[in-house]
Amino acid sequence: MSEQPQVIHRKDYKEPDFFVEKVELVFDLERDVTNVKSRLFIAANPARGTGKGDEVFLHGEDMKLLSVALDGVRLASSDFDVDAEGLRFAAPGSNFIAEIETQISPANNTRLEGLYVSQSAFCTQCEAEGFRRITYFPDRPDVMATYKVTINADKTNCPVLLSNGNLIDSGDLDGGRHFAVWEDPFPKPSYLFALVAGDLACVEDSFVTMSGRKVALRIFVEHGNEDRCDYAMDSLIRSMKWDEEVYGLEYDLDLFNIVAVSDFNMGAMENKSLNIFNAKYILAKPDTATDMDYELIESIVAHEYFHNWSGNRVTCRDWFQLSLKEGLTVFRDQEFSADQRSRPVQRIKDVAQLRARQFPEDGGPLAHPVRPDSYMEINNFYTATVYEKGAELIRMMHTLLGPDGYRKGIDLYFDRHDGQAVTCDDFAKAMEDANGIDFTQLKRWYSQAGTPELTWTGNYDADAKQFRLSVSQKTAPTPGQPDKQPLHMPIAIGLLGADGSDLVAQMVELTSDSQEFVFDGVSEKPVVSFNRGFSAPVNVMTDQPDEELVFLMGNDSDAFNRWEAGQKYATRLMLSAITAYEENGGDADAALDAQGDSVESFIAAMGATLMNDDLDKAFRADAVMLPGEEFLSEQRKPANPEAIHQVRKALRKRIGLGLMGDLANTYHQNASNAAFTPDATSAGQRALRAASLSYLVASEKGEYADLAAEQYRTADNMTDQMAALSVLNNLDHPGRAEALADFEERFAKDGVVLDKWFALQAVSSRDDTLARIKDLMSHPAFTMRNPNKVRSLIGAFAMGNPRAFHAKDGSGYEFYADRLIELDDINPQVAARLCAPLGTWAKYDGERASLMKAALERVLAKPEISRDLYEIASKSIA
Ligand code: 0A1
Ligand code: ZN
């Protein structure tokens with residue numbers, strides 16, 4: 001990058017000057033030099049009044065341009081301009097055909113955008129702007145075309161040739177080559193184009209749609225992985241069924257392909273009828289994948305499938321509207337998982353994720369609205385805010401409209417906009433029109449960044465049998481948005497009587513800075529359960545006394561708020577102990593002693609949840625977990641990672657000691673002799689047992705570390721093995737080295753599984769962790785070219801090991817900045833995504849903050865820094 005990257009603004013949107021109606025592509029695949037011929041059927045856009053003689057601009061980057069011809073006439077080099085951004089020429093008429101020939105080098109494509117090689121297969125990633133690395137094209141989502149794609153390749157290396165749509169022809173060519181022709185009848189933006197060619201194994205099934213059409217379902221994987229596709233296939237079939245039942249949406253082609261690749265920048269990609277996945281989110285069998293892996297596979301397979309309607313049939317007009325497809329599709333996949341598993345447990349998981357990833361983003365230097373106003377590099381906006389906060393916005397619409405009203409809005413949206421590229425406003429308008437409702441204020445959630453903070457107080461009038469609830473909201477300034485306006489949000493309220501039952505269960509709508517809600521006929525002074533089910537994505541400040549939190553933990557009819565009450569109590573307790581730790585010179589035990597009865601009463605309440613057989617086991621497993629170190633560091637300024645770590649560890653030890661008998665019983669009673677099945681009930685049982693084991697080990701009674709080592713040796717599934725290994729991982733116990741060595745040996749050749757081994761070592765709380773990570777960088781299986789490896793070893797260190805990353809001497813930051821600099825030359829997109837942890841400097845003490853800023857300065861000083869990394873690093877330091 002030579003100059004400062006250009007900033008693109010939402011307000012500057014203009015319709016395209018020219019459309020492309022039809023694309024014909026011919027690929028001559030070779031690893032080092034691939035030839036791409038394209039024929040583009042171009043038409044002027046009447047709305048822009050363009051035509052003959054006007055400039056046509058086609059994006060294109062890092063390609064060799066061989067030739068351009070318009071309507072069959074080859075252009076002389078003086079008839080077009082080509083620079084680092086693309087190709088310009090004058091239109092020969094309002095409708096014409098452009099023929100362009102380019103050369104690209106898939107084997108040298110380490111950015112993994114456009115056409116690249118993963119293991120030995122060719123594959124593509126075009127969202128957001130990768131298509132312009134394959135051929136010259138108006139690479140923007142509001143240009144939608146039909147595609148006909150011919151792939152020529154070596155028959156031995158690439159027996160499988162895939163693209164979007166239907167296979168219409170195939171056959172042999174000279175020289176050991178063959179070809180396939182694919183045609184996609186649905187017009188689509190270039191970001192949904194895909195091509196795969198390689199020697200892949202295929203697992204096949206089928207689905208009959210609600211109108212009786214049989215769809216062939218295929219999952220392509222590397223040879224040897226055929227036995228790891230069952231769960232992904234099952235998830236796909238369940239997703240197809242669910243979308244018919246819940247949304248009335250049917251699949252629209254006769255085949256649906258999924259390909260799993262080892263090298264992928266993100267989770268997966270919804271290319272029309274040819275979804276490409278990070279192999280990690282497809283491959284699973286009981287002895288290689290944990291329950292969490294199964295859960296993720298289910299939700300990501302569903303997510304990509306759901307995009308066929310929310311994203312592909314109706315797509316985004318421009319990239320500022322990304323949440324149109326992503327927020328909606330995340331909401332859809334969350335609801336799918338809730339229906340397939342336990343609804344409250346799913347909600348807890350989604351909220352925990354939102355708090356861990358989105359709230360910090362919204363409170364930090366990279367804060368941006370769900371619909372951003374500007375960007376330098378769009379790849380940097382595939383964020384928790386666009387995805388998860390965007391999903392919360394859709395969820396609020398669902399809550400406000402009810403399921404029927406929501407469905408009416410959805411039906412209108414798809415009726416109105418099928419085949420179009422539209423905006424978030426268009427989506428909201430369909431919701432409004434179908435329901436005769438005004439979402440003007442609700443739509444502020446699209447444009448206003450920052451997590452609102454809500455405060456409430458209650459007042460009971462026994463004579464009037466009336467309860468008054470005063471609620472106020474406030475959103476702190478975020479970069480570029482100093483002043484905030486009040487938001488519209490649904491708040492689900494419960495008022496509990498002394499016997500634990502609901503006196504009132506009601507949804508209220510908050511619209512002003514502060515508002516009072518009056519509940520009549522309340523027969524006794526109630527305990528308030530506020531924001532049930534996390535009906536609004538906000539931070540709630542409350543000074544509800546400990547006893548009320550304990551009461552809610554044991555009685556709230558809203559399972560989410562039962563969990564929430566426990567988290568609040570634990571957070572309050574630990575924050576207060578952290579202060580004591582800082583004051584007493586670093587004695588975590590004394591800091592807990594200073595909390596009086598609170599510790600005891602908290603542990604007792606947690607024990608009651610642990611042993612409550614009326615509750616779902618998965619819920620109990622979640623409810624006994626303490627808020628994480630990252631979450632706690634969000635609550636304090638300056639955050640002290642060492643104090644947080646020590647206090648949390650000491651509290652875990654007390655829980656282990658205090659509940660030892662119950663924990664040991666829970667552990668033993670939840671052992672299972674049955675063969676592993678990944679269903680939610682069995683997973684819940686394993687999770688509860690794992691939670692018990694982790695507290696038993698936290699008690700520091702040596703026999704439990706032995707028990708963990710034993711569990712690792714005897715378990716017949718990866719979930720139980722990882723549960724054992726992750727507690728051993730922080731210890732000096734001989735079982736640790738043994739288990740790690742065994743794991744390494746067993747999975748030496750199994751990239752996706754070995755990543756767990758790298759990540760474990762990166763998050764270990766042992767003192768030698770950073771040194772070990774440095775050693776592991778020269779492990780034969782480690783490479784900076786594979787994003788999963790980088791995330792497992794380097795990413796996990798910064799994001800999952802706050803104590804080591806924030807080591808006072810700055811060694812963590814220094815190591816990390818070196819890696820970002822190294823990675824930027826290989827894969828800027830991944831480098832930029834990993835940069836965010838350095839941007840949290842403002843939360844730390846002066847010394848750490850200046851070390852972190854120095855690390856960012858060093859990153860920014862890198863010669864030839866990419867636009868991706870520049871944007872994140874420069875915004876982070878501001
Ligand atoms: N649209 C995909 C995620 C995705 C986004 C960007 C990518 O490359 C920059 C790749 C995949 C999804 O939501 O699943
Ligand atoms: Zn998506």
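Rules used in this analysis
Residues numbered from 1 in each chain as written. Chains lettered and ligands numbered in written order. Predicted model: local features only at pLDDT ≥ 70, side-chain atom pairs only at ≥ 80, totals over all residues. Heavy atoms only, no water. Near = heavy atom within 4 Å. Polar contact = N/O pair within 3.5 Å; in protein donor to acceptor, adjacent residues only side chain to side chain. Areas by Shrake-Rupley, 256 points an atom, 1.4 Å probe, with all protein chains shown as cover. Helix = DSSP H or I, 4+ residues; strand = E, 2+ residues; numbered from the N terminus. Nonpolar A, V, L, I, M, F, W, Y, C, P; charged D, E, K, R; others polar. Donors = N, O, S within 2.8 Å, 3.2 Å for Na, K, Ca; no water. Tetrahedral: all angles 85-135°; square planar, octahedral: opposite > 155°, others 65-115°. Buried < 20%, exposed > 50% of the residue type's maximum accessible area, 1.4 Å probe, protein only. Disulfide = S-S within 2.5 Å. Pairing = 2+ DSSP bridges. Axes fitted to C-alpha atoms, helices over the stretch in contact; angles between N-to-C directions. Contact = heavy atoms within 4.5 Å. Arc of directions from axis to C-beta. Parallel < 35°, antiparallel > 145°, perpendicular 65-115°, else oblique. Left-handed = near helix turned anticlockwise from the far one by under 90°.

### Concerning the site of ligand 1
Next up, step 1: Neighbouring ligand 1 are 16 residues, the closest being Glu 127, Glu 270, Glu 304, Glu 326 and Tyr 387.
Next up, step 2: The side chain of His 303 places a nitrogen or oxygen atom 3.2 Å from an oxygen atom of ligand 1.
Next up, step 3: With respect to ligand 1, the side chain of His 307 contributes an N or O atom lying 3.5 Å from an oxygen atom.
Next up, step 4: Computed on the free molecule, ligand 1 has an accessible area of 360 Å², of which 96% lies beneath the protein chains in the complex.
Next up, step 5: Going through the elements one at a time, β20 (268-269), α2 (291-306) and α3 (322-340) are the ones with two or more residues in the shell around ligand 1.
Next up, step 6: Its residues assigned to classes, the shell around ligand 1 comprises six nonpolar, five polar and five charged.

### A look at the coordination of the zinc ion (ligand 2)
Next up, step 1: Looking at the zinc ion (ligand 2), the protein donor atoms are His 303 (NE2), His 307 (NE2) and Glu 326 (OE), and they sit 1.9 to 2.0 Å from it.
Next up, step 2: Around the zinc ion (ligand 2), the four donor atoms are arranged such that angles at the metal cover 98 to 126°; this shape is classified as tetrahedral.
Next up, step 3: Taking the relative accessible area as the measure of exposure, His 303 reaches 6% and is therefore buried.
Next up, step 4: Residue His 307 is classed as buried on the basis of its relative accessible area, which comes to 0%.

### Describing the state of the cysteines
Next up, step 1: One pass over the structure, following the stated rule, counts zero disulfides.
Next up, step 2: Cys 123 carries a free sulfur, and the closest cysteine sulfur to it, the one in Cys 126, is 10 Å from it.

### Points about the sheet that holds strand β28 (residues 502-510)
Strand pairing within a sheet occurs via backbone hydrogen bonds; the two strands may be parallel or antiparallel.
Next up, step 1: Ordered by their spatial adjacency, three strands build an open sheet running β28-β27-β30, and the pairing between neighbours is antiparallel. Edge strands, defined here as strands with exactly one partner in the open sheet, are β28 and β30 (527-530). Averaged over all pairs of adjacent strands, the angle between strand axes in this sheet comes to 20°, irrespective of strand direction.
Next up, step 2: In the packing of helix α8 (residues 546-555) onto the sheet, contacts are made with β27 (489-496) and β30, and the angle to β30 comes to roughly 65°.

### Focus: helix α21 (residues 769-776)
Next up, step 1: Buried within α21 we find Thr 769, Leu 770, Ile 773 and Leu 776. Each buried residue of α21 lies within a common arc of 120° when the element is viewed along its axis, so the set occupies one face.
Next up, step 2: Looking at the buried residues of α21, the elements they touch are α20 (751-763), α22 (787-800) and α24 (811-824).

### Concerning the packing of α21 against α24
Next up, step 1: At a minimum axis distance of 11 Å, the contact between α21 and α24 shows a crossing angle of 20°. Considering their axes alone, α21 and α24 lie roughly parallel with respect to each other. For the pair α21 and α24, the crossing hand works out as left-handed. Between α21 and α24, the residues in contact are Leu 770, Ile 773 and Lys 774 and Ser 811, Gly 812 and Phe 815, respectively.
Next up, step 2: Its residues assigned to classes, the contact of α21 with α24 comprises three nonpolar, two polar and one charged.

### Details of the pairing of strand β2 (residues 18-28)
Next up, step 1: By the bridge criterion, ten bridges tie β2 to strand β3 (residues 34-44) in an arrangement that is antiparallel. What sits directly across from Val 26, in β3, is Lys 37.
Next up, step 2: A loop of five residues connects β2 with β3, the two strands running antiparallel in sequence.
Next up, step 3: In the sheet, β2 pairs with strand β12 (residues 145-154) via seven bridges, with the strands oriented parallel. Its bridge partner being in β12, Val 23 is matched across the sheet by Tyr 147.

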